[in-house]
Amino acid sequence: MTLTSDDQSVATTYTTVDPRDGTPIESYPVVDVAGVAAIVERAHEAAAWWAGLGFAGRRRVLGAWKAAIARDAQGLVATISRETGKPEGDALLEVMLTLGHLDWAAKHAEPVLRRRRVKAGLMNYNQHASVGYEPYGVVGVIGPWNYPFYTPMGSISYALAAGNAVVFKPSELTPGTAVWIAGKWAEVCDRPVLQVATGDGGTGRALVAAGVDKVAFTGSTATAKRVMAACAETLTPLVAECGGKDALIVARDADLDAAADFVVFGAMGNAGQTCVGVERVYVEQPVAEALTAKVVERAKRIQAGGESATYGPMTLPSQAQVVSRHVADALEKGGTAVYGGLDSVGDRLVTPIVLADVPEDSDAVCHETFGPTVVINTVASIDEAVERANATDYGLGASVFTRDTHLGEATAARLRSGVVTINSVLGFAAVGALPFGGVKGSGFGRIHGADGLREFSTPKSIARQTRKAALNLLSLERSDRDMHLVAKLLPILHGKG
Ligand code: NDP
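What you are looking at is a predicted structure, and each value in this text was computed from that prediction instead of being measured.

1. Digging into the environment of Phe 444
Here's step 1: Its place among the elements puts Phe 444 in strand 17 (residues 443-444).
Here's step 2: Under the relative-accessibility criterion, Phe 444 is labelled partly exposed at 35%.
Here's step 3: The spatial distance from the C-alpha of Phe 444 to the C-alpha of Thr 234 is 19 Å, given a sequence separation of 210 residues.
Here's step 4: Those residues within four positions of Phe 444 in sequence are excluded, and the remaining contacts are Met 228, Leu 238, Val 239, Ala 240 and Gly 438.

2. Looking at the nonpolar core
Side chains of nonpolar character tend, in soluble globular proteins, to be buried together.
Here's step 1: Ranked by internal contacts, the top residues of the largest apolar core, which has 85 residues, are Trp 65 and Trp 185.
Here's step 2: There are two domains that each give this core at least three residues, and those are domain 1 (2-242 + 448-458) and domain 2 (246-434).
Here's step 3: The residues touching Trp 185, leaving out its near neighbours within four places in the chain, are Trp 50, Val 61, Leu 62, Trp 65, Leu 160, Arg 191, Val 193 and Leu 194.
Here's step 4: Membership of the second largest hydrophobic core comes to 53 residues, among which are Leu 256, Ala 330, Val 354 and Ile 382.

3. Focus: the sheet that holds strand 3 (residues 116-118)
Here's step 1: With antiparallel pairing, three strands are arranged side by side in an open sheet as 3-4-18. Across the chains shown, the open sheet's two edge strands, defined by having one partner strand only, are strand 3 and strand 18 (457-465). When the angles between neighbouring strand axes are averaged without regard to direction, this sheet yields 30°.
Here's step 2: Judged from the three bridges that link them, strand 3 and strand 4 (residues 127-135) form a sheet pairing that is antiparallel. Across the sheet, Val 118 pairs through a bridge with Ala 129, a residue of strand 4.

4. Describing the sheet that holds strand 13 (residues 353-356)
Here's step 1: Pairing within the open sheet is mixed, and its seven strands lie in the order 12-13-14-11-10-15-16. Both outer strands of the open sheet, strand 12 (336-339) and strand 16 (419-422), are each paired with one neighbouring strand and no more. Neighbour-to-neighbour, the strand axes of the sheet open up by a mean angle of 25°, direction not taken into account.
Here's step 2: Running over the sheet, helix 13 (residues 405-414) touches strand 10 (246-250), strand 15 (397-401) and strand 16 and is turned about 165° from strand 16.

5. Looking at unusual backbone geometry
Here's step 1: A positive phi angle is found at Leu 426, which is not glycine, with a value near 60°.
Here's step 2: The exposure class assigned to Leu 426 is partly exposed, which follows from its relative accessible area of 24%.
Here's step 3: Located in the positive-phi region is His 448, a residue other than glycine, with phi close to 70°.
Here's step 4: Within the secondary structure layout, His 448 lies in the loop between strand 17 and helix 14 (449-455).
Here's step 5: Given the relative accessible area of 3%, His 448 is considered buried.

6. So, the pairing of strand 14 (residues 373-379)
It is a general feature of regular strands that their side chains alternate between the two faces of the sheet.
Here's step 1: For strand 14, a buried count of six out of seven residues is recorded, marking the element as mostly surrounded by other parts of the structure.
Here's step 2: Alignment of strand 11 (residues 278-284) against strand 14, held across five bridges, turns out to be parallel. Paired with Glu 284 across the bridge in strand 14 is Val 379.
Here's step 3: Judged from the four bridges that link them, strand 13 and strand 14 form a sheet pairing that is parallel.

7. What about the site of the ligand?
Here's step 1: The immediate surroundings of the ligand are formed by 29 residues, with Gly 143, Ser 220, Thr 223, Cys 242 and Glu 368 found nearest.
Here's step 2: In this structure, an oxygen atom belonging to the ligand sits 2.8 Å away from a side-chain N or O atom of Glu 172.
Here's step 3: For the ligand, a nitrogen atom lies 2.7 Å from a polar atom in the backbone of Cys 242.
Here's step 4: Relative to its unbound accessible area of 900 Å², the ligand is 89% covered by the protein chains.
Here's step 5: When contributions to the shell around the ligand are tallied by element, the ones reaching two or more residues are helix 6 (201-208), strand 8 (214-218) and helix 7 (221-234).
Here's step 6: Element by element, the count of residues in the shell around the ligand is highest for helix 6, at three residues.
Here's step 7: Split by residue class, the shell around the ligand holds eleven nonpolar, twelve polar and six charged.
Here's step 8: Of the residues that make up the shell around the ligand, three or more belong to each of domain 1 (2-242 + 448-458) and domain 2 (246-434).

8. Examining a nonpolar patch on the surface
Here's step 1: Taken together, Leu 122, Met 123 and Leu 493 make up a surface patch of nonpolar side chains, about 310 Å² in accessible area.
Here's step 2: Within the secondary structure, Leu 122 sits in the loop between strand 3 and strand 4.
Here's step 3: In this structure Leu 122 comes out as exposed when scored by relative accessible area, which is 71%.

9. Observations concerning the domain arrangement of the chain
Here's step 1: By domain assignment, the chain separates into domain 1 (2-242 + 448-458) and domain 2 (246-434).
Here's step 2: Its C-alpha centre places domain 1 at a distance of 30 Å from the equivalent point of domain 2.
Here's step 3: Residue-level contacts link 22 residues of domain 1 with 22 residues of domain 2.
Here's step 4: Buried area between domain 1 and domain 2, both sides added, is near 1700 Å², and the carbon and sulfur share of it is 59%.
Here's step 5: Sorting the residues of domain 1 by area buried against domain 2 places Pro 19, Trp 145 and Tyr 147 first, and these three jointly supply 28% of that buried surface.
Here's step 6: Summed over the shared surface of domain 1 and domain 2, the result is zero salt bridges.
Here's step 7: Counting every contact that joins domain 1 to domain 2 gives eight residue pairs in polar contact (both at pLDDT 80 or more).
Here's step 8: Elements represented by at least two residues in the side of domain 1 that touches domain 2 include exactly helix 2 (73-84), helix 3 (88-113), helix 4 (150-161) and helix 14.
Here's step 9: With four residues, helix 3 is the largest single contributor of residues to the side of domain 1 that touches domain 2.
Here's step 10: The class makeup of the residues in the side of domain 1 that touches domain 2 is eleven nonpolar, seven polar and four charged.

Procedures and definitions
- Residues numbered from 1 in each chain as written.
- Predicted model: local features only at pLDDT ≥ 70, side-chain atom pairs only at ≥ 80, totals over all residues.
- Heavy atoms only, no water.
- Helix = DSSP H or I, 4+ residues; strand = E, 2+ residues; numbered from the N terminus.
- Buried < 20%, exposed > 50% of the residue type's maximum accessible area, 1.4 Å probe, protein only.
- Contact = heavy atoms within 4.5 Å.
- Core = buried A, V, L, I, M, F, W, Y, C linked by side-chain atoms within 4.5 Å.
- Domains from an automatic or database assignment.
- Pairing = 2+ DSSP bridges.
- Axes fitted to C-alpha atoms, helices over the stretch in contact; angles between N-to-C directions.
- Near = heavy atom within 4 Å.
- Polar contact = N/O pair within 3.5 Å; in protein donor to acceptor, adjacent residues only side chain to side chain.
- Areas by Shrake-Rupley, 256 points an atom, 1.4 Å probe, with all protein chains shown as cover.
- Nonpolar A, V, L, I, M, F, W, Y, C, P; charged D, E, K, R; others polar.
- Patch = residues over 30% accessible without salt bridge, like charges linked within 9 Å, V, L, I, M, F, W, Y side chains within 5 Å.
- Salt bridge = Lys/Arg side-chain N within 4 Å of Asp/Glu carboxyl O.
- Buried area = accessible area lost by both parts, 1.4 Å probe.

Take a look at the structure:
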């Protein structure tokens, strides 16, 4: 399906290709500044209607949308797989995880966001205090290509459930997935509450500047900085979900088979193109050799590309060069390739690479590689592992493997990241109630969970005076008697520390 709405101003078009064989898929408009403005204007009108539907009305529409997507899931799976090159099984899992979040957001919006009474406190006994969460209006969602459904829907589902209209600018590599989603929306709702503006970075820039009330950006840290600078022009609030350099710590008492399974899944799955993928492993010295051997054993069984692929080609062709640069730098600086190496990097397809003893100042340790590679470095203690894990500019996810529950929890508490998994990786991704987001260069703000719903809402406080106060302090004609009482009360109320 091609986006050809009459009133979209289209400067030009572009054609997507299947990363597996370069076959052209479909042409899409590059929506320009005027086109984006028209879409956003329509979204503002739809936003008022959508907000007026209330929680129950919105929940019904979101439920119908979810069902329409689920009934035709194979169509979406085929679209995702064709645009990204990932195996259909991976795309199917992506759809299942995403619909779980849509369901959670739709069902929890009312209990999380509805107006509730809060305690006013002893001195304010004459105030009925309440807080409610109102939608911003129109949220501009800008998404990446690696999980073209799950990732933007983390913003879209929660923004819609909170009562906002959404204009979604997908990555230029995966517009078909976005258009498919919007098509399903149109089947269940005749208002433009969810619209798509396809195009390139320029379309994203136009969206940020088009008068949206909030921007939800997911992508690289470098682009997030540009988006944030643009948001500053209009003081538009931003939630930024950026890259990561996740560390996985393996304690000497860990189940090494389980740890190795998860290392390979977290590092190589989706060809390593996962923001919360495993990029670095810090393993305690007594088990380092055994863990490395188990990781290599599993990496050897991976089928990169082809008929029964474990993972497909790099979706973004230039990412293969990033992998190559990081591997070359790691080897030049004294690291060892224990499996694969520079020869593993093809034009589009990268076979698994396991590096060991890579200096901590090398690119493969400091910067996001986003390929099917992993660095395994040996440490003397968990303290050293935590110190190294925390030493990058990123702070998205982290993992700990240990049989000691106390050690696991204590280590999780010391890791500077938005999410930590213990004895798994990505274990949080399907849990609707868990907020997701990063710290440091990995961004700020949260999607998913109650915090995700509040991220797309603005709190409004109401204090209703129910009777006259005993002490009349909110007056320019305060009495000496009342002020005398305040002076007496102050140490009683606050003087005890
Ligand atoms: P980019 O930062 O290159 O692009 C992200 C989106 O921003 C794309 O839609 C892009 O459009 C658009 N864009 C580019 N320039 C601008 C601009 N100046 N103003 C507004 N929008 C703009 O990221 P990728 O698409 O390459 O995605 C990979 C990155 O995303 C990785 O770093 C990964 O870690 C991160 N990511 C983070 C996640 C998280 O939840 N924390 C989840 C998934 C990925 P176009 O593509 O058309 O250029």
